[in-house]
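# Inside the fold
So the chains spell out like this:
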Amino acid sequence: MTTLRISALVLFLYAAQVLADPAPEIPPSNSAMDSDTAMNSHMMSGMYGNHPMSREASGTSWQPDSSVQEGIHNMDGDWMTMVHGFANAIYDNQGGPRGQAKSFSNSMLMVMAQRDVEGGTIGLRSMVSLDPLMGKSGYPELFQTGETADGKTYLIDRQHPHNLFMELAATYSTPISSSSSIFIYAGLPGEPALGPAAFMHRFSGQDNVEAPITHHWLDSTHVTNGVVTVGYVVKNWKLESSVFHGREPDQYRYQIEPGKLDSNSVRLSYNPTPNWSMQVSYGHITSPEALEPDVNVNRTTASVTSNIPGDDTNWQTTLAWGRNAPSAGLSSNAYLIESALSLGHTHTFFGRGELVDKDELFANTPTSPLAGENFRVGKVSAGYIYDFPSDFNYKIGVGGLLSRYSIPTELTPTYGANPSSMMLFVRVKIQ
Ligand SMILES: [Cu+2]
């Protein structure tokens, strides 16, 4: 069934191409490069088509071409390699009766390689995280929901750790005319074509060490246990579709647990100018939550990202909307605005505003009169990080962030009238 679906998609994409471009020209090399340009990701072709490499973010997602991507880029024979990564040591103090304090570390290391082969480009992607070291219950974060620490109770007011293996994927793309290409992406784990670029991979979100509370409406599928995506890129447009395993990662964070490709998604992306990127996507996710195995979720997302580069500055803003419509229970919406401004590689200011309907806040106390109700929660956080100037491949920074909330009055007995939270952190980042 899955093979059938993939073949149908490939056929469809070929047909679309033949209709759009009846006389394809001799395809140029997918990636023209020499060692002089190897260090400049704006000049390099990406893994998925003949566009700047800087356009490509997590999985097969796009961001504005002018986005700044820190990392080490190298030529190693015919292979071009890229290394991105960070590690944060964080002191977290969440306010109010449900708040807790914890010191922990979150991290990510991504190694990618690509090379031209006969007729196309192949890519290898790997991403690991030492998040599991923080423990199965993750870290305190007011109003955060999603996944489980023990297979029995919901993680509420806590952010789950990410898996040791976040992505192990291979890609192949081939040009079918001077301005179009098709690609295939297969990952175990990997990220299907659903939602904006994951928060730790988009410039507007990556300096904020806290996960968005809209994560499970927008980009929570960034780690799925099995995905195949095929896509068609023509100029600044991309249409792609995925089949993937819908169940969210469980509490065994060191394991890869492959499953049936029982879910699917489709995404249309458009980068009208180097400074803009937008997408709409839709996914049918089969049985995402281990604690509600009979419930499927239809997710719709739309997002717009603007990136304004300057001489020694970069300013990126993302606006996103996500909607979860479960097969049983209440539909819910999430809205996000997120921005980061970096000045001279040393000062970065970041902020995030979110509005989201949460119906899981009392899921562990089903006898509570508030259980199962949807509450619209607002959160605003603002932060800053100072990076010490560094001539090395890494830089060290110190930062902090503050969060405030707006909540319906029914929640004040549980959360307090005016909870506020803070994080202080030290970061090492590859640059
Ligand atoms: Cu996540």
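Here the residue index of a chain counts from 1 through its sequence in written order. Per-residue local features are limited, in this predicted model, to residues with pLDDT of at least 70; the limit for side-chain atom pairs, both in listing and counting, is 80 or more; totals at the level of whole chains, interfaces and linings are taken over all residues. Each side-chain value is derived from all of the structure's non-hydrogen atoms; neither hydrogens nor water enter the calculation.

An unreviewed UniProt entry annotates the protein chain as Porin of Sapientia aquatica.

### Looking at the environment of His 222
Among the secondary structure elements, His 222 is positioned in the loop between helix 3 (215-218) and strand 9 (227-234). Only protein chains enter the accessibility calculation, which uses a 1.4 Å probe. A residue is then buried if its area is under 20% of the maximum for its type, exposed if over 50%, and partly exposed in between. On the basis of relative accessible area, His 222 is assigned to the buried category, the value being 4%. The spacing of His 222 and Pro 192 is 30 residues in sequence and 6.9 Å in space, taken between C-alpha atoms. A distance of 3.3 Å separates polar atoms of two side chains, one belonging to His 222 and the other to His 215. A run of H or I in DSSP counts as a helix once it spans at least four residues, and a run of E counts as a strand once it spans at least two, with each numbered from the N terminus. Polar contacts, as counted here, are pairs of nitrogen or oxygen atoms within 3.5 Å of one another; within protein the pair requires one atom able to donate a hydrogen and one able to accept it, and residues that are adjacent in sequence qualify only if both atoms are side-chain atoms.

### Brief notes about unusual backbone geometry
Cis rather than trans, the peptide bond between Leu 188 and Pro 189 has omega equal to -5 degrees. In this structure, Pro 189 sits in the loop between strand 8 (180-187) and helix 2 (203-206). Of note, the phi angle at Glu 147 is positive, near 70 degrees, even though the residue is not glycine. With respect to the helices, strands and loops of the structure, Glu 147 is situated in strand 5 (residues 139-148). The class for Glu 147 is buried, based on a relative accessible area of 6%. Although it is not a glycine, Ser 287 sits at a positive phi angle of roughly 45 degrees.

### With respect to the side chain of Ser 204
By the element assignment, Ser 204 lies in helix 2. Excluding anything up to four places from it in sequence, Ser 204 contacts Gln 316, Thr 317, Thr 318, Glu 338, Ser 339 and Ala 340. In this analysis, two residues are considered to be in contact whenever any of their non-hydrogen atoms come within 4.5 Å of each other.

### Let's talk about the packing of aromatic side chains
In this analysis, rings of Phe, Tyr and Trp, with Trp reduced to its six-membered ring, are considered paired at centre separations within 6.5 Å, and the interplanar angle assigns stacked below 30 degrees, edge-to-face beyond 60, and tilted for intermediate values. Scanning the entire structure with this criterion turns up 9 aromatic pairs. Ring centres of Tyr 48 and Phe 183 lie 4.8 Å apart, and the angle between their planes is 50 degrees; on these two criteria the pair is classed as tilted. A residue pair is termed long-range when its members are at least 10 positions apart, and Tyr 48 in the loop between helix 1 (2-20) and strand 1 (72-76) and Phe 183 in strand 8 qualify at 135 residues. Exposure class is identical for Tyr 48 and Phe 183. Each is buried.

### Focus: the pattern of salt bridges
Each salt bridge in this description consists of a side-chain nitrogen of Lys or Arg and a carboxyl oxygen of Asp or Glu lying within 4 Å of one another. Scanning all chains against the criterion turns up 18 salt bridges. Between Lys 429 and Glu 70 there is a salt bridge, with its nearest N and O atoms 2.9 Å apart. Residue Lys 429 is located in strand 19 (residues 420-430), and its partner Glu 70 is located in the loop between helix 1 and strand 1; the two are separated by 359 residues in the primary sequence. Take Lys 429: its relative accessible area is 8%, and that puts it in the buried class. Asp 387 serves as the salt-bridge partner of Lys 395, at 3.6 Å between the closest nitrogen and oxygen. The two residues Lys 395 and Asp 387 agree in class, both being buried.

### Considering the coordination of the copper ion
Coordination here is defined by N, O and S atoms within 2.8 Å of the metal (3.2 Å for Na, K and Ca), and since water is not considered, a site can look incomplete. Around the copper ion, the protein supplies His 162 (NE2), His 215 (NE2) and His 222 (NE2) as donor atoms, at distances of 2.0 to 2.1 Å. Given a relative accessible area of 6%, His 162 falls into the buried group. Residue His 215 is classed as buried on the basis of its relative accessible area, which comes to 0%.

### Description of the environment of Thr 286
Tracing the backbone through its elements, the reader meets Thr 286 in the loop between strand 12 (276-285) and strand 13 (297-309). Spatially, the C-alpha atom of Thr 286 lies 37 Å from that of Trp 315, the residues being 29 residues apart in sequence. Not counting chain neighbours up to four residues away, the residues in contact with Thr 286 comprise Gly 246, Arg 247, Asp 262, Ser 263 and Asn 296. A distance of 2.7 Å separates the side chain of Thr 286 from the backbone oxygen of Asp 262, its partner in a polar contact.

### Brief notes about the side chain of Asp 250
If you trace the backbone, Asp 250 turns up in the loop between strand 10 (237-244) and strand 11 (263-270). Buried charge Asp 250 goes without a salt bridge, the closest partner of opposite sign being Arg 253 at 6.4 Å. There is a polar contact of 3.0 Å between the side chain of Asp 250 and the backbone nitrogen of Tyr 252. Leave out the neighbours within four places in its chain, and Asp 250 touches Asn 163 and Glu 257. In summary, the charge assignment counts Lys and Arg as positive and Asp and Glu as negative, without counting His or the chain termini.

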